[in-house]
Amino acid sequence: MSEKHYPLPTYVVANQFITIAKRKKVELTHEKLQYLVYLTHGFYLATSGAPLVNEPVLPGEYLFSSLRAIAHYSADGLARAVIQPQDEEMHAVVMDDFRSNDLLLDLIECVWSRYADLTDAEIIEECIAATFSNRAAGNTPFETFHMATIVEMSISNALIYDYFRKLTEHMKVQNGDREAVVRNAVANRQGKIITCNFGQG
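Predicted, not measured: the structure shown is a model, and the values here were computed from it.

Procedures and definitions
Residues numbered from 1 in each chain as written. Predicted model: local features only at pLDDT ≥ 70, side-chain atom pairs only at ≥ 80, totals over all residues. Heavy atoms only, no water. Helix = DSSP H or I, 4+ residues; strand = E, 2+ residues; numbered from the N terminus. Buried < 20%, exposed > 50% of the residue type's maximum accessible area, 1.4 Å probe, protein only. Contact = heavy atoms within 4.5 Å. Areas by Shrake-Rupley, 256 points an atom, 1.4 Å probe, with all protein chains shown as cover. Core = buried A, V, L, I, M, F, W, Y, C linked by side-chain atoms within 4.5 Å. Axes fitted to C-alpha atoms, helices over the stretch in contact; angles between N-to-C directions. Parallel < 35°, antiparallel > 145°, perpendicular 65-115°, else oblique. Left-handed = near helix turned anticlockwise from the far one by under 90°. Nonpolar A, V, L, I, M, F, W, Y, C, P; charged D, E, K, R; others polar. Expected span 1.5 Å × (residues − 1). Salt bridge = Lys/Arg side-chain N within 4 Å of Asp/Glu carboxyl O.

Chemist: Would you mind showing me how to read the overall build of the chain here?
Modeler: The helix and strand tally for the chain stands at 9 helices and 0 strands. Going from the N terminus to the C terminus, the chain shows its helices and strands as α-α-α-α-α-α-α-α-α. When each of the 201 residues of the chain is scored for burial, the buried share is 47%. Excluding contacts between residues fewer than 6 apart, the proportion of contacts in the chain whose partners are at least 24 apart in sequence is 72%. Taken as a whole, the chain presents about 10100 Å² of accessible surface, with 51% of it coming from carbon and sulfur.

In structure tokens, the structure reads:
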């Protein structure tokens, strides 16, 4: 990936999934939303070498502290409204960067295509224990985190990068190029079919 990029506020990626859910007229829970953001962060990190979001991944019930607050505003657990930025000027700069990153937009669509049909319980199991993925990628970042002897407050990007890089290398991508994992995703916004091989070994 060669696009100009710096870590995005988590809400930007979350909002894109909320927008997709609205477009497809499907319900999206806050629980599933945070795992979709996590998966996108992992695949982006593995493909670009740079973190996607600007906050750490937490090992508890809420993966991102910024998404924890909005979850409490929804009595039924559904993510309906987009998350509003606190700094409008910075938001405009961030969104210009986000909208110009075609590979990231395609990646988000591809993660949705591969994982959105899973139940909340299934997507959690997939992220924590790789239930549906090729175990050749080794322990998930969550498993490695909980086995560590040194207590940390968050799951490091190094752990996430190592796991998702191994995972992408075991995916069935025609030309075997890790970047093709993203390039193989043809965005729905272009009116074409997405072909994704995420998590299939």
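So that's the structure; there's more coming.
Chemist: Which parts of the structure should I look at to understand unusual backbone geometry?
Modeler: Peptide bonds are mostly trans, and most non-glycine residues show a negative phi. Of note in this structure, Lys 25 is not a glycine but carries a positive phi near 60°. If you trace the backbone, Lys 25 turns up in the loop between helix 1 (10-24) and helix 2 (30-48).

Chemist: How should the nonpolar core be read in this particular structure?
Modeler: What tends to happen in soluble globular proteins is that the nonpolar side chains get buried as a cluster. Grouped together as the largest cluster of nonpolar side chains are 50 residues, with contacts concentrated most on Phe 17, Tyr 38 and Phe 164. Looking at this core, the elements that each hand over two or more residues are helix 1, helix 2, helix 4 (88-99), helix 5 (102-115), helix 6 (120-129), helix 7 (141-147) and helix 8 (157-169). The element contributing the most residues to this core is helix 2, with 10 residues. Among all residues touching Phe 164, those that are not within four sequence positions of it are Tyr 38, Leu 39, Gly 42, Phe 43 and Ala 46.

Chemist: Looking at this structure, how should I read the packing of helix 1 against helix 5?
Modeler: For any two helices packed against each other, the geometry comes down to the angle between their axes and how far apart the axes lie. Running from N to C, helix 1 and helix 5 cross one another at 55°; their axes reach a closest spacing of 11 Å. By the angle between their axes, helix 1 is oblique relative to helix 5. Here helix 1 runs over helix 5; the crossing is right-handed. Along the contact surface, helix 1 presents Val 13, Gln 16, Phe 17, Ile 20, Ala 21, Arg 23 and Lys 24, while helix 5 presents Leu 105, Ile 108, Glu 109, Val 111 and Trp 112. Taken together, the residues that form the contact of helix 1 with helix 5 break down as 8 nonpolar, 1 polar and 3 charged.

Chemist: What am I meant to see in helix 5 here?
Modeler: Structural remark: α-helix, 3.6 residues per turn; residues separated by three or four positions point the same way. Between its terminal C-alpha atoms helix 5 stretches 20 Å, which fits the 20 Å expected from 14 residues at 1.5 Å a residue. The element helix 5 is extensively covered by neighbouring structure, given that 12 of its 14 residues are classed as buried. Among the residues making up helix 5, those that are buried are Leu 103, Leu 104, Leu 105, Asp 106, Leu 107, Ile 108, Glu 109, Cys 110, Val 111, Trp 112, Arg 114 and Tyr 115.

Chemist: Would you take a moment to explain the pattern of salt bridges for this structure?
Modeler: Oppositely charged side chains can form a pair if their charged atoms are brought close together. Scanning all chains against the criterion turns up 1 salt bridge. A salt bridge links Arg 23 to Glu 109; the nearest nitrogen and oxygen atoms lie 3.1 Å apart. Of this pair, Arg 23 sits in helix 1 while Glu 109 is found in helix 5, placing the two residues 86 residues apart along the sequence. With a relative accessible area of 41%, Arg 23 lands in the partly exposed category. By relative accessible area, Glu 109 is classed as buried at 2%.

Chemist: Whenever I open this one, the environment of Asp 117 confuses me. Can you help?
Modeler: Along the chain, the position of Asp 117 falls in the loop between helix 5 and helix 6. By relative accessible area, Asp 117 is classed as exposed at 74%. The sequence separation of Asp 117 and Val 26 amounts to 91 residues, and the corresponding C-alpha distance is 9.9 Å.

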